[in-house]
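Chain and residue survey
What follows is each chain in one-letter form.
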Amino acid sequence: MAPSRADARPVFATGRGAGRPAAARFRAALDAALRIANIVCMLLLVCVFALPFAWMISTSLKTLPETMRFPPDWIPDRPVWSNYADAWNSGPFPKYFLNSLIVSSGILVLQFLTIIPAAYAFARFRFPGRGLLFGLVMATLMIPPQLIFLPVYLMLSDWKLLNTHFALILPFASSAFGIFLLRQSFLQTAGELIEAARLDNAPEWKIMIRIMAPLARPVLATFALFSFISHWNDYFWPLVMTTNESARTLPIGIAKIRETEGTATWNVLMAANVMLAVPVLLAFFAAQRHIIRAFVYSGIK
Amino acid sequence: MARIDLIDVVKQFKGETVIPKLNLTIREGSFTVLVGPSGCGKTTTLRMIAGLERQTSGDILIDGACVNDVEPGKRDVAMVFQNYALYPNMTVRENIEFGLKNRGVPRRERERLVRDICEIVDLTPYLDKKPQSLSGGQRQRVALARAMVKHPKVFILDEPLSNLDAKLRVHMRTELIELHRRLGATFVYVTHDQTEAMSMGDRIVVMHRGEIMQAAAPMELYDDPDNLFTARFIGTPPMNVLPMNLLPNLGTEGEGRAEYVGFRPEHARLLPGSADPPSDGLAIAGSIITRESLGAEHVYQLRTTAGTCFVKQFLRPYAGGDFATAVVPHDRLYFFDGEGRRLRNLRAASRPEPAAAGVR
Ligand SMILES: Nc1ncnc2c1ncn2[C@@H]1O[C@H](COP(=O)(O)OP(=O)(O)O)[C@@H](O)[C@H]1O
Ligand SMILES: [Mg+2]
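This write-up is about the structure you can find in this document. All figures in this text were calculated on a predicted structure; none of them were measured in a lab.

Each helix and strand counted, chain B has eight helices and 20 strands in total. Principal-axis analysis of the C-alpha atoms places the extent of chain B at approximately 80 × 45 × 35 Å. The buried share of chain B, taken over its 360 residues, is 53%. Across chain B, the fraction of contacts at a sequence separation of at least 24, relative to all contacts at a separation of at least 6, is 67%.

So, about the sheet that holds strand β6 (residues 77-80) of chain B. Residues and elements named next belong to chain B. Spatially, six strands are ordered β6-β7-β8-β3-β9-β10 in an open sheet, and the strand pairing comes out mixed. Every other strand in the sheet has two partners, leaving β6 and β10 (211-216) as the edge strands with one partner each. If you compare each strand with its neighbour and ignore which way they point, the axes differ by 15° on average. Across five bridges, strand β9 (residues 203-208) lies against β10 in antiparallel orientation. The partner of V205 across the bridge, within β10, is A215. Strands β6 and β7 (154-158) of the sheet are contacted by helix α4 (residues 136-148), whose axis makes an angle of about 175° with β6.

Across soluble globular proteins, you tend to see nonpolar side chains buried next to one another. Within the largest apolar cluster, 59 residues are counted, with the highest numbers of intra-cluster contacts made by F186(A) and I156(B). The element contributing the most residues to this core is helix α4 (residues 93-124) of chain A, with six residues. Discounting chain neighbours no more than four positions away, the residues touching I156(B) are L46(B), I49(B), A50(B), V77(B), A78(B), M79(B), V80(B) and V188(B).

Let us now look at the site of ligand 1. All names here are of chain B. The environment of ligand 1 is made up of F13, V18, S38, G39, C40, G41, K42, T43 and T44. C40 places a polar main-chain atom, nitrogen or oxygen, 3.2 Å from an oxygen atom of ligand 1. In the complex, the protein chains occlude 61% of the 560 Å² of accessible area that ligand 1 would expose alone. Considering each element in turn, the shell around ligand 1 owes the most residues, three residues, to helix α1 (residues 42-50). Residues belonging to the shell around ligand 1 are distributed by class as follows: three nonpolar, five polar and one charged.

Attention shifts here to the interface of chain B and chain A. Taken residue by residue, the interface counts 27 residues in chain B and 17 residues in chain A. Buried area between chain B and chain A, both sides added, is near 2100 Å², and the carbon and sulfur share of it is 55%. Scanning the region where chain B abuts chain A turns up two salt bridges. With a shortest N-O distance of 2.6 Å, D200(A) and K150(B) are connected by a salt bridge. Put simply, chain B and chain A have 10 residue pairs in polar contact (both at pLDDT 80 or more) between them.

Attention shifts here to unusual backbone geometry. In most cases, non-glycine residues show a negative phi, while peptide bonds are predominantly trans. Omega for the bond connecting F70(A) with P71(A) falls within 30 degrees of zero, at -5°, which places this linkage in the cis form. By secondary structure assignment, the location of P71(A) is in the loop between α2 (64-68) and α3 (82-89). Put simply, T236(B) and P237(B) share a cis peptide bond, and its omega is -15°. As for its placement among the helices and strands, P237(B) is situated in the loop between α8 (228-233) and β11 (240-243).

Before going further, it helps to examine the packing of helix α8 (residues 176-188) of chain A against helix α11 (residues 217-232) of chain A. Residue and element names in this part refer to chain A. Running from N to C, α8 and α11 point in directions that differ by 165°, and their axes come no closer than 9 Å. Relative to α11, the element α8 is oriented roughly antiparallel. Seen from above, α8 lies across α11 with right-handed handedness. Counting all contacts with α8, which are made through F177, G178, L181, L182 and S185, the residues of α11 involved are V219, L220 and F223.

Attention shifts here to the pairing of strand β2 (residues 16-26) of chain B. Residues and elements named next belong to chain B. Looking at chain direction, strand β1 (residues 4-13) and β2 are connected through seven bridges and run antiparallel. Bridge pairing in β2 places L6 opposite L24. In textbook terms, the turn of a hairpin is the stretch between consecutive antiparallel strands, and for β1 and β2 this stretch comprises two residues, one of which, K14, has a positive phi near 50°.

The rules behind each value
Residues numbered from 1 in each chain as written. Chains lettered and ligands numbered in written order. Predicted model: local features only at pLDDT ≥ 70, side-chain atom pairs only at ≥ 80, totals over all residues. Heavy atoms only, no water. Helix = DSSP H or I, 4+ residues; strand = E, 2+ residues; numbered from the N terminus. Buried < 20%, exposed > 50% of the residue type's maximum accessible area, 1.4 Å probe, protein only. Contact = heavy atoms within 4.5 Å. Pairing = 2+ DSSP bridges. Axes fitted to C-alpha atoms, helices over the stretch in contact; angles between N-to-C directions. Core = buried A, V, L, I, M, F, W, Y, C linked by side-chain atoms within 4.5 Å. Near = heavy atom within 4 Å. Polar contact = N/O pair within 3.5 Å; in protein donor to acceptor, adjacent residues only side chain to side chain. Areas by Shrake-Rupley, 256 points an atom, 1.4 Å probe, with all protein chains shown as cover. Nonpolar A, V, L, I, M, F, W, Y, C, P; charged D, E, K, R; others polar. Buried area = accessible area lost by both parts, 1.4 Å probe. Salt bridge = Lys/Arg side-chain N within 4 Å of Asp/Glu carboxyl O. Parallel < 35°, antiparallel > 145°, perpendicular 65-115°, else oblique. Left-handed = near helix turned anticlockwise from the far one by under 90°.

Here's what the structure looks like:
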């Protein structure tokens with residue numbers, strides 16, 4: 001009895017042992033292949049986004065004749081840093097920059113002030129007309145600014161607000177997209193947390209600010225990033241609403257470089273574009289850290 | 001300290017009645033446990049007391065004052081949630097302080113209160129940590145501290161120990177009892193675990209389908225159940241219940257017609273099948289199908305012609321064969337009518353006829 005059992009075991013073991021390495025090798029090869037494919041895909045994706053950016057930086061450091069050369073060079077013969085100075089000096093850039101900053105952050109602040117309570121109300125309270133109101137808010141998502149700029153222009157003109165920061169900020173003081181995103185996030189928050197806060201005597205605004213908003217941090221960071229980038233880069237609205245330098249933003253200022261210099265000075269233009277992009281990149285890196293951290297936290301919970 | 005009265009309280013959710021009509025008085029300073037199977041309306045009852053849910057009709061009184069229209073924060077009630085519901089973005093200190101801040105307690109006073117409470121529940125080293133970095137037991141303590149620091153009149157605890165492992169749970173039981181003694185506040189505690197209820201409460205309210213089956217002290221529930229539900233819910237293994245019509249040699253005298261007879265496993269004694277049973281008890285013969293030994297006590301499952309029943313023997317295990325007779329003294333029998341109501345005026349009487357086989 002005992003010997004036969006002892007015999008059986010090695011046979012069984014070799015049987016499995018012979019099968020396993022083959023399967024394991026296949027599995028390992030598949031893993032490696034997948035990993036390589038993954039890396040290739042990511043590299044391609046990086047190229048799609050990074051190449052134009054690299055091209056912009058490269059051009060911003062060339063002389064004008066170099067920008068026209070064919071085939072194009074990636075590395076300029078000698079970097080021309082003065083393009084940046086030229087760009088900066090070609091118009092009232094500090095003013096543009098400040099205007100852009102005021103407008104983008106003004107919009108962001110107002111949006112936070114409006115979307116947080118709005119989303120909170122839509123998520124938490126039952127009131128007559130809630131569905132209808134929310135539907136209306138969602139409907140505005142489908143209206144492009146090009147469709148309504150004329151009446152808004154006339155209205156702002158009536159109010160003598162053209163060529164002021166208000167003309168660029170007020171129309172974007174709230175965001176249907178933000179309300180939608182944030183409401184979803186508020187709906188997912190555990191009801192018990194709110195109830196605990198109510199038992200702790202917290203007034204409604206405090207529940208919103210101290211409990212709900214911090215829990216929605218990833219959503220808020222994501223939204224802030226989108227909002228900041230899109231308004232920082234916005235060309236159409238400031239173009240329509242400004243006729244002088246007093247409220248003009250960077251994208252308009254940069255476009256004017258092209259107009260003023262007879263022939264298009266691509267190198268200077270690109271230098272200006274790099275300067276335009278730097279704050280956006282900074283905003284992105286700042287928000288990215290928050291977004292990742294917030295997601296990691298919520299994952300642990 | 002406060003007394004809570006629920007008067008004719010009805011609760012419906014979208015037309016579905018969860019609590020048909022509840023009348024309950026929770027005595028001032030008591031440790032009252034609501035116990036019942038899952039879904040019987042315990043949490044709903046608690047939430048109505050706390051003011052988180054409004055009753056469909058009826059009144060809730062705290063210290064004699066009707067609180068129907070009083071906000072949860074103003075009822076002087078603190079609640080410990082099953083999942084703790086700690087504010088994840090706040091540190092332990094901020095969690096505990098939040099309620100005090102909202103009441104405008106000055107900073108000095110707050111610091112003193114938080115320090116005192118944290119000493120009681122051993123949280124001092126963790127004051128600046130976030131709840132995520134704490135263990136289950138520590139989170140439980142934070143939840144308790146957050147409730148205690150407000151010195152409420154009423155503590156409401158909804159299955160607070162169900163997320164802890166068994167050992168910690170037993171430990172926290174004693175801590176909670178100790179806490180109740182120290183604070184002297186009214187505790188309303190919910191659990192679905194009858195062992196927990198029996199070991200913690202000084203008054204137990206057994207609920208079933210939104211109705212109170214019995215409200216009494218633990219030993220009273222055990223010794224003198226009002227109905228079949230309570231009798232079977234309290235005690236492990238549960239009370240054995242057999243239909244009277246399968247026990248032809250058991251008679252009754254007194255008012256009422258018994259449909260069921262019950263006895264506790266620990267009140268029965270096992271005799272070897274061949275032994276002569278004493279005449280002043282109910283004797284049921286059967287065969288042993290399982291034997292479970294816990295050291296000092298031994299539980300046997302006996303299959304008889306009247307149904308399966310448990311018998312618990314203490315200290316010395318039953319030494320006989322598989323065929324055995326369970327003997328229960330007549331004064332340890334409980335009688336119930338067809339609706340499961342206890343018939344207290346009925347006494348057992350032997351019927352001498354040697355009627356059916358298998359049952360002696
Ligand atoms: N908000 C609600 N909406 C609808 N039904 C509910 C709600 N809360 C509880 N119920 C129902 O009420 C019954 C009792 O629930 P609950 O009080 O949570 O039971 P327990 O705490 O005793 O397990 C359950 O059948 C449950 O489905
Ligand atoms: Mg419950």
